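Listed below are the residues making up each chain.
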Amino acid sequence: MKKTFTILFALCLALGTFAQKDKAYWNKMADGTSEALIKHFWGAGFEDYEDRFYFNYGSDLSDMSTNNYWPQAHAMDVLVDAYMRTGDVRYKEIFPLWWEGMPRYNFAGKMNPKDPWWNVFVDDMEWIVLAQIRMFECTGEKQYIAKARQVYDDWIWPTWGPEDEAPWYGGITWKTDVAKSKNACSNGPAALIAARLYNFFDKAGFTGGKVKNAYLNEAIKIFVWEKNYLFDRETGAVYDNINGKGEIQKNWVFTYNVGTFLGAAHELYKITGDKQYLDDAVKAANYVVEHLSDNDGVLSDAEKGDGGLFHGIFFRYFVKLINESDLDITYRKKFHDYITRCATVMATQGINSKTMLYGGRWRKAPEDNESVGLTPHLTGCMLMEAMCVLQPL
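All values reported here derive from a predicted model rather than from experimental measurement.

A. Structural context of the packing of aromatic side chains. Using the criterion set out here, one finds 33 aromatic pairs in the structure. Seen in terms of ring centroids, Trp70 and Trp127 are 5.6 Å apart; in terms of plane orientation they differ by 45°. Their pairing is tilted. Note that Trp70 is positioned in helix H3 (residues 70-86) and Trp127 in helix H6 (residues 122-139), a separation of 57 residues in sequence. Grouping aromatic residues by their ring pairs yields a cluster made of Phe314, Phe315, Phe318, Tyr331, Phe335, Tyr338, Tyr358 and Trp362. Sitting over the ring of Phe136, Lys203 keeps its end group 5.4 Å from the ring centre. A cation sits over an aromatic face here: Lys212 above Tyr198, 5.0 Å from the ring centre.

Here's what the structure looks like:
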């Protein structure tokens, strides 16, 4: 008992200050990390690279490779977060530059001369489309959502199905040249896109093409498919994929897949009022808290590559669920405490207070001159921005 108390006391000393962090603190942290994103990663921010309208894959020109398409969407998502939070036009000024540079640096665009935004990875296009919709949401500029709708209608939804083909019976494919791999990373975001095109249909002034309700029907169809094939209704786990052999990959459960699944469920709950969607979102979120966290209540380190982004995507949709007024208070408190704990560990131990960079290690900040990857830093940005919109209990 004494040992347990000592451990708990030490933990309180390390984390107890999180109860004292106010809105101003989280805004300062979000300002720092989002500004660091521009300073250390935005290509056009460096001398002699004024027309490089692209986010570099490594900080301070340490990795300028351009074969990483999907992190670009999440970098823009962070700038949308920052702009919506602050109203600072510095963030908005990057939107049209990125709009020019993104298709120019799209490594797969040349494979489809019809559309420079096209990519062989369906989920990569989906992340870009989600960012475009948010760019429209915060600016009202219709070119962004018009492109989002076109990419969804032309390149994403057509990969659905066939619905009569066993054992998949539908599903959005993961990669255009691997038609029989139906992944959580392509279905969760697709359901979100369809739901948001439905939500913004009237504001966008869409004419021609599919009618408004078609998007809601597609969102429900995609979500139900993912729930039936990749969601464990007992535990809340979201499995990675059902492959070309019809085998479900149950060994891979990643936070970003849980995040988009619960995000789509929550979006559909808000549209339909059907409580089953909210229950699904809660069960998925609870899986991360209960099964993917370490003994101190934070997620695993993720320092590079695609995995560096996974946790940030989860937090983006998780915080929206926590803020849901219809969420049971028991879960709201549990989830509120969890995201606050994660954010406090990151803010106090994982982010360099001078550079404001996050390198993917919860309890060890990068050194002042240490290069960090774009993907983990984006996770840091997303969690700090999430704390700025987290509503008090």
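Still more to cover.
B. The pattern of salt bridges, seen in detail. Applying the stated rule across the entire model yields 24 salt bridges. One salt bridge connects Arg196 with Glu267, and the closest N-O pair in it is separated by 3.6 Å. With Arg196 in helix H8 (residues 184-199) and Glu267 in helix H11 (residues 255-272), this residue pair connects regions lying 71 residues apart in the sequence. There is no split in this pair, since Arg196 and Glu267 are both buried. When the shortest N-O distance is used, the salt bridge between Arg361 and Glu370 registers 3.1 Å. Residue classification places Arg361 among the buried residues on the basis of a relative accessible area of 15%. Glu370 gets classed as partly exposed once you look at its relative accessible area, which sits at 27%. What emerges from the salt-bridge pattern is a single network uniting Asp77, Asp81, Arg134 and Arg316.

C. A look at the pairing of strand S2 (residues 178-183). Pairing analysis gives 2 bridges linking strand S1 (residues 173-175) to S2, with the strands arranged antiparallel. Counterpart to Lys175 in the pairing with S2 is Val178. Between S1 and S2, which follow one another and run antiparallel, lie 2 residues. Relative to strand S3 (residues 241-242), S2 runs antiparallel, the two being bridged by 2 bridges. In the strand pairing of S3, Asn183 is matched with Asn241.

D. Region of interest: the sheet that holds S2. Across the sheet, which stays open at both edges, the 4 strands sit in the order S1-S2-S3-S4 with antiparallel pairing between neighbours. Of all the strands in the sheet, the pair left with one neighbour each is S1 and strand S4 (248-249). Against the sheet, H8 touches S1 and S2, its axis set at about 70° to S2.

E. The arrangement of a negative patch on the surface in detail. Together, Glu47, Asp48, Glu50, Asp51 and Glu100 line one region of the surface with negative charge. In this structure, Glu50 sits in the loop between helix H2 (23-41) and H3.

F. Examining the nonpolar core more closely. Formed by 135 residues in total, the largest nonpolar core has its most connected members in Leu37, Phe55, Trp98, Phe318, Ile339, Trp362 and Met384. The element best represented in this core is H6, accounting for 11 residues. Aside from chain neighbours lying at most four places away, what touches Ile339 is Phe315, Phe318, Val319, Ile322, Leu383, Ala386, Met387 and Leu390.

G. Representation of the packing of H3 against helix H15 (residues 374-389) within the structure. The interhelical angle for the contact between H3 and H15, taken along N-to-C directions, is 25°, at an axis separation of 10 Å. Relative to H15, the element H3 is oriented roughly parallel. Handedness of the crossing formed by H3 with H15: left-handed. Counted together, Pro71, Gln72, His74, Ala75, Val78, Asp81, Ala82 and Arg85 of H3 and Leu374, Thr375, Leu378, Cys381, Met382, Glu385 and Cys388 of H15 form the full contact between these two elements. Here the residues of the contact of H3 with H15 sort into 9 nonpolar, 3 polar and 3 charged.

H. Fine view of the environment of Gly246. Examined against the element boundaries, Gly246 turns out to sit in the loop between S3 and S4. Assessed through its relative accessible area of 23%, Gly246 is described here as partly exposed. For the pair Gly246 and Phe310, spaced 64 residues apart in the sequence, the C-alpha separation amounts to 25 Å. Filtering out sequence-adjacent residues up to four positions away, Gly246 remains in contact with Pro167 and Trp168.

I. Summary view of the packing of H11 against helix H12 (residues 275-291). Two elements in contact, H11 and H12, have axes whose closest approach is 8 Å; the angle formed by their N-to-C orientations is 160°. With respect to each other, H11 and H12 are oriented roughly antiparallel. The handedness of the crossing between H11 and H12 comes out as left-handed. In this structure, H11 uses Thr255, Val258, Phe261, Leu262, Ala265, His266, Leu268, Tyr269 and Thr272 to contact H12, whose residues at the interface are Lys275, Tyr277, Leu278, Asp280, Ala281, Ala284, Ala285 and Val288. Taken together, the residues of the contact of H11 with H12 break down into 12 nonpolar, 3 polar and 2 charged.

Cut-offs used in this document
- Residues numbered from 1 in each chain as written.
- Predicted model: local features only at pLDDT ≥ 70, side-chain atom pairs only at ≥ 80, totals over all residues.
- Heavy atoms only, no water.
- Phe/Tyr/Trp six-rings, centres within 6.5 Å; stacked < 30°, edge-to-face > 60°.
- Helix = DSSP H or I, 4+ residues; strand = E, 2+ residues; numbered from the N terminus.
- Lys NZ or Arg CZ within 6 Å of the ring centre and 35° of its normal.
- Salt bridge = Lys/Arg side-chain N within 4 Å of Asp/Glu carboxyl O.
- Buried < 20%, exposed > 50% of the residue type's maximum accessible area, 1.4 Å probe, protein only.
- Pairing = 2+ DSSP bridges.
- Contact = heavy atoms within 4.5 Å.
- Axes fitted to C-alpha atoms, helices over the stretch in contact; angles between N-to-C directions.
- Patch = residues over 30% accessible without salt bridge, like charges linked within 9 Å, V, L, I, M, F, W, Y side chains within 5 Å.
- Areas by Shrake-Rupley, 256 points an atom, 1.4 Å probe, with all protein chains shown as cover.
- Lys, Arg positive; Asp, Glu negative; His and termini not counted.
- Charge placed at Lys NZ, Arg CZ, Asp CG, Glu CD.
- Core = buried A, V, L, I, M, F, W, Y, C linked by side-chain atoms within 4.5 Å.
- Parallel < 35°, antiparallel > 145°, perpendicular 65-115°, else oblique.
- Left-handed = near helix turned anticlockwise from the far one by under 90°.
- Nonpolar A, V, L, I, M, F, W, Y, C, P; charged D, E, K, R; others polar.

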